[in-house]
Amino acid sequence: MDSTDEVSHRRAELEGCHSGHDSRDVALDGLAVALYNRFQTEGKVDDVDDAITLHHAALKLHPPGHPERHCSLLELACCFSSRYNNLGVAADSEETIAHDWEALVLRPPGHLRRGVSFHNLAVVLQKRFKKHATTHDLDEALEPNRAAPKLRPPGHPEQHGSPPELACCFSSRYDNLGVAADLEEAVTLDREALALCPPGHPWRGASLTNLAIDLQKRFKKCATMRDLDEAFELNCAALELCPSGHPDRHRSLCELASCFLRRYGNLGVAADLEEAVTLDRETLALCPPGHPWRGLSFHNLAVVLQERFKKHATMHDLDEAFELHCAALELRPSGHPERHCSLLELACCFSSRYDNLGVAADLEDAVTLGREALALCPPGHPWRGASLTNLAIDLQKRFKKRAMMRDLDEAFELNRAALELCPSGYPERHRSLCELASCFLRRYGNLGVAADLEEAITLDREALALCPPGHPWRGVSLHNLAVVLQKRFKKHATMHDLDEAFKLNHAALELRPSGHPERHRSLCELASCFLSRYGNLGVAADLEEAVTLDREALALCPPGHPWRGASLTNLAIGLQKRFKKHATMHDLDEAFELNRAALELCPSGHPERHHSLCELASCFLSRYDNLGVAADLEEAVTLHREALALCPPGHPGHGVSLTNLAIDLRKRFKKHATIHDLDEAFELNCAALELLPSEHPDRHRSLCELACCFSSRYDNLGVVADFEEAIKFSRAALALCPLGHSHRIKCLHAVGHNLWTIFRQQALMPGSGMAKFIRRAALILRSRYKVHAAFSFHALSLHLWDTYQKQPAIADLDAAICLAMHALELRLPKHHDYAASVESLALFIRERVRRLVQGTGSDESVMLGHVVDSLCALGCYLRDRFRNQGAIADLDEAIALYRYALQLRPAGHPSHPSNLHHLALCLIERFHDTAVIGDLDEAITLEQKALDLSIPGDPSYGISQDCLATYLQMKISPQVTRVSSIRWVATEYEVSQVIRHAISETLETMPTRLLNTQSGILCNRRAQISQFMSSQQHQQLLSLTMSYDPVERVSRIHTVVSTCFRFVMFSHRWGEGEPSLRDVQGRAIYDMPASGGVKKLQKFCLTALKRGYQWAWSDTCCIDKDSSAELQEAIGSMFGWYRRSALTIVYLSDVPETGPFAASQWFGRGWTLQELLAPATVLFYARNWSLYKNIESANHKTDEVVLEEIVEATGIASRFLTDFTPGMDDARSRLQWASSRRTTRPEDIAYSLFGIFNLHLPVLYGEPAEFALGRLLAEVISQSGDISILDWVGEASTFHSCFPARITSYRTLPLPSVPPSDAEERSSTTSRRPGSSRALRKFCRSLNKSPLPQFVNRRLILPCFSYRVTAVKRKSADPSSPGCHTYEVQASGLRPLEITLPEELENVALFPGELENATGALQLVRPWHSKLLGGSAKLDVAATEELLVTLGRPFSALLLTELPHNEYRRVVSSTLIAAQPTDSASILHSKIRIFNIV
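Report follows, based on the coordinates. (Residues numbered from 1 in each chain as written. Predicted model: local features only at pLDDT ≥ 70, side-chain atom pairs only at ≥ 80, totals over all residues. Heavy atoms only, no water.)

### Here we look at the pattern of salt bridges
Applying the stated criterion across every chain yields a total of 55 salt bridges. Taking the shortest distance from any N to any O, the salt bridge between Asp892 and Arg926 comes out at 3.0 Å. Here the residue Asp892 occupies a position in helix 40 (residues 888–904), and Arg926 occupies one in helix 41 (residues 912–930), the gap between them amounting to 34 residues. Residue class for Asp892 comes out partly exposed when judged on its relative accessible area of 33%. A network of salt bridges, in which partner residues are shared, links Glu6, Arg10 and Glu13. (Salt bridge = Lys/Arg side-chain N within 4 Å of Asp/Glu carboxyl O. Helix = DSSP H or I, 4+ residues; strand = E, 2+ residues; numbered from the N terminus. Buried < 20%, exposed > 50% of the residue type's maximum accessible area, 1.4 Å probe, protein only.)

Have a look at this one:
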């Protein structure tokens, strides 16, 4: 019978049951169920509406008290839940919860279907959590799901249903908080559920799918390919269980498609993407209109089509994705829980179309939709982070187009908010880091602030660290870091930045093989690296490699591809550079074609049009320079004017556009001498310079162009002031271009030209006597026009030398040295004038050394410092060039320059040891190339001198010491040196990587935020790294460890880094006005008003600073307590932070300077227990911030006087105070230490013990304190089996009857463990009968085989010696103890005993003299753990006898009462129950019994 026939049949039944009929309620429910089933298959909402109406009618026939009311409630709740899934109306969700709660109440404990009610309620609470992101709903869902397994013990037909729902809760909490333990718990429960569903089980398909989903999440986090492979296998198996026509086939298809899409994102194989598209199309076909999954199917298919559009740029795919997302959005009206997903994806489509076509309206639509999606994701919503990030991306795009700074500012705020939602360990943190780095990079491009660039690098490094090999985002992270390092190279010309960028781009390219959708980007960036190195070193092979890579990238971007325009432009740039080098007209012609094609792809309104116009103008300018056709120059001017019009003030390209047009106008002035052009060029360059602050990477270009304008006007009008300005600006440009900078040579030429011009003007004046020299120079310059700057510098240095010899002015000599170095810089070692330049420089320096010996004034010392710094910089540059190109002449020159530097900085100068060390490094490198033993000997001598001049304890001292040891080892083992052909001296990049790795390892175990005690500013991890990387310590470490043996290098770097990042922890009692994170963020605490908690924080930081520590941590302001994830991580890590601290400062605000401190409230607080036990070094400070009792000990925990007072104040033995190990050992004592302490929030007393027991459990603020303590005790007994924690007196917990409600119950000391007396041993020996030795050995073997205690599903599985209570007699009430009930108890195998209880025993006679047989309802038990045997499976005779004596002594017993289903509950007592076996025989006859205690 199909669904329609079933409905007809049920209608007929209902018609036959008129109002008042006994079976009308059954008929109503029957028709409602049939309609609901038809809704499930056909998706007609009218059916579920009718079903709800019918169930309501049935419910009226089942009023409160009716035995079937709970069933009607559940059926009605099921219908509301389905309608909510389909339409997303919040009222339906609330109705579902209300009905499920009422059904649960009607199924009390013991009801057969109570587990189903728990399950249903948990499911709907999870749904509400997904909509509103109220964590309370998720926590509440966890409780029913935890309770459900108890009602479904092994063998229960619904047992399989509990683990998947509990797994779903943990998985949802992982999605929300990112705690890895939740995901692991979900996977474990999913595996348990699958094991309960063998082949053929109706739930096996769902179990396979659920496990696959969580494995995919773990793959996304950990990038372990086996997780994705297993997910594939599971989804394929699930699909086999859902053949054509199966109602769940669409779900299996959908999940399998997700696996293919995930693998495509990781490996880039196009076949996986096509498979995902095919599967999602089949899924959609199985979800006709009205089907609950139709909206999701639209969404999934649209997502994969978007991915295919990104790969193939087929506009049809994007158009179809638009249609599908719009259709999905129609099915998700306002209030629907999934509406935000459709809005986000539709915004993504608009953004993609904007990237492709450049239509501004698309970008506006993307921003609008992104804002709407964000509004639907309030704080706490799982999708809030993604919504923040997506909106920030589109705002960045709008900033790039419109240059409105508010867009970029808002993008910053959004990305920072997203990052706060992704604390350490969160699976999406890497993405938030990347996007925030992108904002910093965008602002750097606009404003040129170097700090923004450094921040971007730090963020991208952190993102890369979170993407290990195999992670889907690793390629992106490698690419992003390479991009920012290239930008830093362009600014600072530090070769190791470019080297690292090369390695990163190569690594990214390996992860993007042929067919990968992002391969073209890696090719472009790698080509850019080659082009940068060509600009720096001029090696033609690099230029050819760049052109080759750009051609390959262009081939991967067919017409319509979003990156085609960029690929055309990049190739054109490379060809233009090749044209400038080889003057092959074919290259320029091809560059023209490529730039024109790129411009066609950027119509009016396209965000990249200005860039294409500039590049095409550059081609016209190159052709003008080559052929001199005026039309080309005019075309360049026209194009640059159009580009400038597209870059209004505030646009990132405005400054560059001003400069480009100024260059064209200056060239036109040179051709036509129209002063108007030069005036406009002046205005444009001045305007550009105002836009480029001192740190901007393009400032040197504007300075250079402005200098050229002044020079041109001087040539035209002859005003000397113009020429002076030209020299000033050209020198300023040169100062911004360090050695190795791609524009340095151009700036040197400009400076050389200007200096030579003014020199020539002065030399040709009558009476100068320099006319012959100038004419000779003119001949040389005409024959060597390409090297005239080097000649100019050299000639001018000689002129200044002549001037100096006639009138010895030290300024002339220093200027001569600088000019000679410029000349040397422009003349490579193979240059025919190179030797003359070196000879001149040597001559000048020898004279400078002679003058230095005679003494200099302060001004001369400053000038000399600049000279020596230049020498060292040039030496370092040549040494780096040697490492890159292997030319020994570069190394020889570096050695010569360092020798000059040593001559100018003799012994006694602070930099002399460093110069000695650098020269030794160069000599060692040359020794490895040439094996000249003299270089090794000299390096040893230099390092010995450096060691003599260094101060022990300084990082340079240890480095010189290690280097000297290495060099001496090389000397005494020459055969090793000769055999080895590998140069072990590391490059700066290699050492930098080791340092970064050491920093990462060090910071991983430190708090994420620390106070800088020097500045008083709160620094996150990025700021900590940034401060170290810019410090002198880092520079010393970088340069001084290059020559280390690799193992020694790592060791030394780790030592120095760990020393630099030592931190101090603060322990105190909170008071009024404690500053929070929000109070101190972005402010120096020393600038804040010194009152209350702020004053205390200031004093703490100052105290740490005085003791030599840069970093400090306080729990008041270094944790974001508004972030539950961060708070969870901090509580879990806090014990480790205190343990790894260099010092913990304890401030006792209520203790005077002279003490004593035993009465201090600090010793009564819960959190301070771990703050006392964890750190190795502690100092106590009194109220006035003086050391306690002025005891000047380095560590008060090792001072005998203070230690004795601590023992007295805490009751903790000194061995635990000085050498505490976290863990489960002696758990009862650890609980007793905490039993007299208290916390502001009751649950914190348990959380404060997590670190002491070395446990990592969720922190669930808001849970009952007894639940928090119960979870802690459950974990202790589960992991260790320590039964001593069951010894307590007080109120039982609702969490479990064997656990106390409050930790104060552990104040009562357990029964003392007294060694047996001789009399007891004799008694034990004489009481045993002959042959009892065999019985004793058998008894010991049975004890050894007993299982360990376990805590599973809120049940304590406890092995015990069992003593059945045989008689109970109540004693007369004691007036001194009201509320206590004392009983005389007899139990088999035990001596008679008394127990005192807070409540009366049930079912026991309460008047004296009458005994009632308990018939097994009461048991006295002695918990057992096999470790009580002493840790040995085989016991000798003496040990077994000692065990028997021990078991014969009094012990602390538990009283249990029996419940249904063979379960027991502990009966709490007012005092410890002291029981003792009757004799040895009773012990030997006893057996271990396993009790299931609830």
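### Details of the nonpolar core
In terms of nonpolar packing, the biggest core is built from 174 residues, with Tyr967, Phe1180 and Leu1286 touching the most fellow members. Contact partners of Leu1286, with chain neighbours within four places excluded, come to Ile1277, Cys1298, Phe1299, Leu1356, Leu1358, Pro1423, Leu1454 and Arg1466. (Core = buried A, V, L, I, M, F, W, Y, C linked by side-chain atoms within 4.5 Å. Contact = heavy atoms within 4.5 Å.)

### Details of a nonpolar patch on the surface
Taken together, the side chains of Ile675, Leu717 and Val719 make up a nonpolar region of the molecular surface, amounting to roughly 240 Å² of accessible area. Its location among the elements puts Val719 in the loop between helix 32 (699–717) and helix 33 (720–735). For Val719, a relative accessible area of 39% corresponds to the partly exposed category. (Patch = residues over 30% accessible without salt bridge, like charges linked within 9 Å, V, L, I, M, F, W, Y side chains within 5 Å. Areas by Shrake-Rupley, 256 points an atom, 1.4 Å probe, with all protein chains shown as cover.)

### Structural notes on the packing of aromatic side chains
Tallied over the full model, the rule gives 32 aromatic pairs. Seen in terms of ring centroids, Phe1028 and Phe1061 are 5.4 Å apart; in terms of plane orientation they differ by 50°. Their pairing is tilted. With a gap of 33 residues between them, Phe1028 in helix 46 (residues 1021–1029) and Phe1061 in the loop between helix 48 (1046–1060) and strand 3 (1063–1068) connect regions that are remote in the sequence. Residue class for Phe1028 comes out buried when judged on its relative accessible area of 5%. We classify Phe1061 as buried; its relative accessible area is 2%. For the pair Trp1113 and Trp1137, a centre-to-centre distance of 5.6 Å together with 65° between the ring planes defines the contact as edge-to-face. Within this pair, whereas Trp1113 is found in strand 4 (residues 1111–1113), its partner Trp1137 is found in helix 51 (residues 1124–1140), the two being separated by 24 residues in sequence. Accessibility classification places Trp1113 together with Trp1137 in one group, the buried group. (Phe/Tyr/Trp six-rings, centres within 6.5 Å; stacked < 30°, edge-to-face > 60°.)

### Description of the pairing of strand 3
Extensive coverage of strand 3 is indicated by the burial of 6 of its 6 residues. Burial of the side chains of strand 3 extends over both faces: Phe1063, Met1065 and Ser1067 are buried on one face and Val1064, Phe1066 and His1068 on the other. By the bridge criterion, 3 bridges tie strand 3 to strand 4 in an arrangement that is parallel. Across the sheet, the residue bridging to Met1065 is Trp1113, located in strand 4. (Pairing = 2+ DSSP bridges.)

### What to know about the side chain of Ser522
Tracing the chain through its elements places Ser522 in helix 24 (residues 519–537). Residue contacts for Ser522: discarding those within four places in its chain leaves Ala508, Leu509 and Arg512.

### Comments concerning the packing of helix 10 (residues 204–222) against helix 11 (residues 225–240)
The geometry of helix 10 relative to helix 11 is characterised by a closest axis approach of 8 Å and an angle of 160° between their N-to-C directions. Comparing their axes, helix 11 and helix 10 come out roughly antiparallel. As for the relative orientation of helix 10 and helix 11, their crossing is left-handed in sense. Here Gly205, Leu208, Thr209, Leu211, Ala212, Leu215, Gln216, Arg218 and Phe219 of helix 10 lie close against helix 11, whose contacting residues are Met225, Asp227, Leu228, Glu230, Ala231, Leu234, Asn235, Ala237 and Ala238. (Axes fitted to C-alpha atoms, helices over the stretch in contact; angles between N-to-C directions. Parallel < 35°, antiparallel > 145°, perpendicular 65-115°, else oblique. Left-handed = near helix turned anticlockwise from the far one by under 90°.)

### Section: a positive patch on the surface
Where like charges cluster on the molecular surface, the positive patch consists of Arg1334, Arg1337, Lys1338, Arg1341, Lys1345 and Lys1487. Residue placement: Lys1487 occurs in the loop between helix 61 (1480–1485) and strand 15 (1488–1493). The class for Lys1487 is exposed, based on a relative accessible area of 68%. (Lys, Arg positive; Asp, Glu negative; His and termini not counted. Charge placed at Lys NZ, Arg CZ, Asp CG, Glu CD.)

### Thoughts on helix 2 (residues 24–42)
Here helix 2 spans 27 Å end to end across 19 residues, near enough to the 27 Å set by a 1.5 Å rise per residue. Within the sequence span of helix 2, burial applies to Asp25, Ala27, Leu28, Asp29, Gly30, Leu31, Ala32, Ala34, Leu35, Tyr36, Arg38 and Phe39. Contacts made by the buried residues of helix 2 are with helix 1 (3–15), helix 3 (45–60) and helix 4 (69–87). Note on helix 2: the residue one or two positions beyond its end, Gly43, has a positive phi of about 75°. (Expected span 1.5 Å × (residues − 1).)

### A few points about helix 21 (residues 450–465)
Its 16 residues give helix 21 an end-to-end C-alpha distance of 23 Å, which sits within 8% of 22 Å, the value for a rise of 1.5 Å per residue. The element helix 21 is largely enclosed, with a buried count of 13 among its 16 residues.

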